Amino acid sequence: MTTGKITANLPSRDFGITEVFYHALGFQTVYRGEGWMILDLNGMMVEFFPHPDLNPKESWFSASLRLPDIDTQHSQWTALDHWSQTNDAPRLTAPMQANGDAPRMFAMIDPDGSLWRVMEGQTSA
């Protein structure tokens, strides 16, 4: 069996704005070209493709980030002066526990309307 990695691919209306937003969250740029950008957060990568006509209020793009403990990440991100106080993007929710077997989580919506589910729990098989 071949070992590999699955990477989320999200839209960006403007790589410059996306890069500044994610850098504030702690991501670093691994690669940036005209048609692709890759950012890294402690070995976890996300890739972005240009989508200049995207309407953030109609975006259906999403990614998941699994961490052993979500509280530290949530505290770090909450401290940033980044977040809309309305239902606009970008925004951050409080940690919550969904019904059933769902993990404890919080949600982050980036400036392009992409939904991140930041979930607590096992990060490897």
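One can find the structure itself at the top, above this paragraph.
Heads up: these notes are all about the structure in this document. (Residues numbered from 1 in each chain as written. Predicted model: local features only at pLDDT ≥ 70, side-chain atom pairs only at ≥ 80, totals over all residues. Heavy atoms only, no water.)

1. Topic: the packing of aromatic side chains
Logical step 1: The full count for this structure, using the stated rule, is 8 aromatic pairs.
Logical step 2: With a centroid separation of 5.8 Å and an interplanar angle of 65°, the aromatic rings of F49 and F61 are classed as edge-to-face. Residue F49 is found in strand β4 (residues 44-50), and its partner F61 is found in the loop between β4 and β5 (62-67); the two are separated by 12 residues along the sequence.
Logical step 3: Judged by relative accessible area, F49 falls into the partly exposed class, the value being 21%.
Logical step 4: Each member of the aromatic cluster is reached from another via a ring pair, and the members are F21, Y22, F27, F48 and W116. (Phe/Tyr/Trp six-rings, centres within 6.5 Å; stacked < 30°, edge-to-face > 60°. Helix = DSSP H or I, 4+ residues; strand = E, 2+ residues; numbered from the N terminus. Buried < 20%, exposed > 50% of the residue type's maximum accessible area, 1.4 Å probe, protein only.)

2. Points about a nonpolar patch on the surface
Logical step 1: Together, V30, Y31, W36 and M45 line one region of the surface with nonpolar side chains, adding up to about 370 Å² of accessible area.
Logical step 2: For W36, the position within the fold is in the loop between β2 (28-32) and β3 (37-41).
Logical step 3: Looking at W36, the relative accessible area reads 31%, which means it is partly exposed. (Patch = residues over 30% accessible without salt bridge, like charges linked within 9 Å, V, L, I, M, F, W, Y side chains within 5 Å. Areas by Shrake-Rupley, 256 points an atom, 1.4 Å probe, with all protein chains shown as cover. Salt bridge = Lys/Arg side-chain N within 4 Å of Asp/Glu carboxyl O.)

3. What to know about the sheet that holds β3
Paired through backbone hydrogen bonds, the strands of a sheet run either parallel or antiparallel to each other.
Logical step 1: Read across the open sheet, the 4 strands follow the order β1-β4-β3-β2; overall the sheet is mixed. Edge positions in the sheet fall to β1 (8-12) and β2, since each has one partner strand and no second. Between one strand axis and the next, the sheet turns by 30° as a mean value, whatever way the strands run.
Logical step 2: Summarising the sheet, β3 and β4 pair through 5 bridges and their orientation is antiparallel. (Pairing = 2+ DSSP bridges. Axes fitted to C-alpha atoms, helices over the stretch in contact; angles between N-to-C directions.)

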